[in-house]
Amino acid sequence: AVSHGRLTAARVFLSRARAILSAPVAPCDPEAGALLTGEAVSAHHNGDYQNVRRLYQQRQRRLDECHAISPLSVRSDAYATLAFNQAELAREIGDVADAERLYQRAIDLWTTGLGQNHPFVARALDALAETLAARGERRKALALYERAMAIRVGAFGAEHPDVGWTLTNLGQMA
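Residues numbered from 1 in each chain as written. Predicted model: local features only at pLDDT ≥ 70, side-chain atom pairs only at ≥ 80, totals over all residues. Heavy atoms only, no water.

1. Things to note about the nonpolar core
In step 1: With 42 residues, the main nonpolar core has Phe-84, Tyr-103, Trp-110 and Leu-125 as its most contacted residues.
In step 2: Counting only elements with at least two residues in this core, the list comes to helix 2 (30-45), helix 3 (49-69), helix 4 (76-92), helix 5 (96-114), helix 6 (119-134), helix 7 (138-156) and helix 8 (161-173).
In step 3: Considering every element that reaches this core, the biggest residue donor is helix 4, with nine residues.
In step 4: Setting aside residues no more than four positions away along its own chain, Leu-125 makes contact with Ile-107, Leu-144, Arg-147, Ala-148 and Ile-151. (Core = buried A, V, L, I, M, F, W, Y, C linked by side-chain atoms within 4.5 Å. Buried < 20%, exposed > 50% of the residue type's maximum accessible area, 1.4 Å probe, protein only. Helix = DSSP H or I, 4+ residues; strand = E, 2+ residues; numbered from the N terminus. Contact = heavy atoms within 4.5 Å.)

So, in structure tokens, the structure goes:
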């Protein structure tokens, strides 16, 4: 429903699903976390930033609780994805310092959990570079774009759309 512009319907469905999956039997089920993220994305598309922040905080608490129960049950990429999503929100509402910190956290976690040449790392590098470029830190941004480009070419080949995205960003730096 979200991808078809039916945000109100999406929110109702996601809220009902979250109620079911947050029952005591399922709080650490990855699907419960995915639903919180889905509901946050829906709220983000609707411009309800306060609700987005609340849902991401709830997701953080859920990850922390599940990690305390069973450290191996929560993978670092779940924390990285949350940090990336929070960075996107921070950048959109103008909190550039928090966005930079959160993008860097996502980069660090994805690098540790998935490896330094994973496409998710490239995605976060690209987003951090865009944030730095907007602040006029061109040299730092250029280095990050080039790193993202190398990862994407290595992972996907030179003709992949993600490579094109980074090329567009590099072209805007020229």
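2. A look at the side chain of Arg-152
In step 1: Examined against the element boundaries, Arg-152 turns out to sit in helix 7.
In step 2: Within the structure, the side chain of Arg-152 is placed 3.3 Å from the side chain of Asp-126, a separation counted as a polar contact. (Polar contact = N/O pair within 3.5 Å; in protein donor to acceptor, adjacent residues only side chain to side chain.)

3. Details of helix 4
An α-helix turns once per 3.6 residues; consequently, residues spaced three or four apart project the same way.
In step 1: In a regular helix each residue adds 1.5 Å, so 17 residues correspond to 24 Å; helix 4 covers 24 Å between its end C-alpha atoms and thus fits that length.
In step 2: Counting buried positions along helix 4 yields 12 of 17 residues, so the element is predominantly enclosed.
In step 3: Taken together, the buried positions of helix 4 are occupied by Asp-77, Ala-78, Tyr-79, Ala-80, Leu-82, Ala-83, Phe-84, Asn-85, Gln-86, Ala-87, Leu-89 and Ala-90.
In step 4: At the C-terminal side of helix 4, Gly-94 shows a positive phi close to 95°. (Expected span 1.5 Å × (residues − 1).)

4. A word on the environment of Ala-129
In step 1: Within the secondary structure, Ala-129 sits in helix 6.
In step 2: On the basis of relative accessibility, which here comes to 0%, the residue Ala-129 falls in the buried class.
In step 3: For the pair formed by Ala-129 and Glu-100, sequence separation is 29 residues and the distance between their alpha carbons is 9.2 Å.
In step 4: Setting aside residues up to four positions removed in sequence, Ala-129 forms contacts with Ala-141, Leu-144 and Tyr-145.

5. As for the layout of surface pockets
In step 1: Of the pockets and cavities examined, the second largest pocket occupies roughly 180 Å³.
In step 2: The dominant element in the lining of the second largest pocket, judged by the number of residues it contributes, is helix 6, at four residues.
In step 3: Here the lining of the second largest pocket is composed, by residue class, of three nonpolar, no polar and seven charged. (1 Å grid on protein atoms, 1.4 Å probe; cavity = no way out; pocket = protein on both sides within 12 Å on 5 of 7 lines; lining within 4 Å. Points joined across faces, edges and corners; volume = space filled by probe spheres on them. Nonpolar A, V, L, I, M, F, W, Y, C, P; charged D, E, K, R; others polar.)

6. Overview of the packing of helix 4 against helix 6
In step 1: In the contact formed by helix 4 and helix 6, the axes pass within 11 Å of each other and the chain directions differ by 20°. Classified by the angle their axes make, helix 4 and helix 6 are roughly parallel. Where helix 4 crosses over helix 6, the handedness of that crossing is left-handed. Of the residues in helix 6, those in contact with Phe-84, Glu-88 and Arg-91 of helix 4 are Arg-123, Ala-124, Ala-127, Glu-130 and Thr-131.
In step 2: Split by residue class, the contact of helix 4 with helix 6 holds three nonpolar, one polar and four charged. (Axes fitted to C-alpha atoms, helices over the stretch in contact; angles between N-to-C directions. Parallel < 35°, antiparallel > 145°, perpendicular 65-115°, else oblique. Left-handed = near helix turned anticlockwise from the far one by under 90°.)

7. Quick look at the packing of aromatic side chains
In this description, an aromatic ring pair is defined by two values, namely the gap between the centres and the angle between the planes.
In step 1: Under the defined criterion, the tally for this structure stands at three aromatic pairs.
In step 2: Judged by centre distance (5.8 Å) and plane angle (45°), the rings of Phe-84 and Trp-110 are tilted. Residue Phe-84 is located in helix 4, and its partner Trp-110 is located in helix 5; the two are separated by 26 residues in the primary sequence. A single burial state applies to Phe-84 and to Trp-110, both of which are buried.
In step 3: Aromatic rings pair up to connect Phe-84, Tyr-103, Trp-110 and Phe-120 into one cluster. (Phe/Tyr/Trp six-rings, centres within 6.5 Å; stacked < 30°, edge-to-face > 60°.)

8. Overview of the pattern of salt bridges
In step 1: For the structure on display, the rule yields seven salt bridges.
In step 2: Across the salt bridge formed by Glu-88 and Arg-91, the nearest N and O atoms sit 3.5 Å from each other. Of this pair, Glu-88 and Arg-91 are both found in helix 4, three residues apart, which corresponds to roughly one turn of the helix.
In step 3: Ionic pairing is found between Glu-100 and Arg-135, a salt bridge with its closest N-O pair at 2.7 Å. In this pair, Glu-100 sits in helix 5 while Arg-135 sits in the loop between helix 6 and helix 7, placing the two residues 35 residues apart along the sequence.
In step 4: Residue classification places Arg-135 among the partly exposed residues on the basis of a relative accessible area of 45%. (Salt bridge = Lys/Arg side-chain N within 4 Å of Asp/Glu carboxyl O.)

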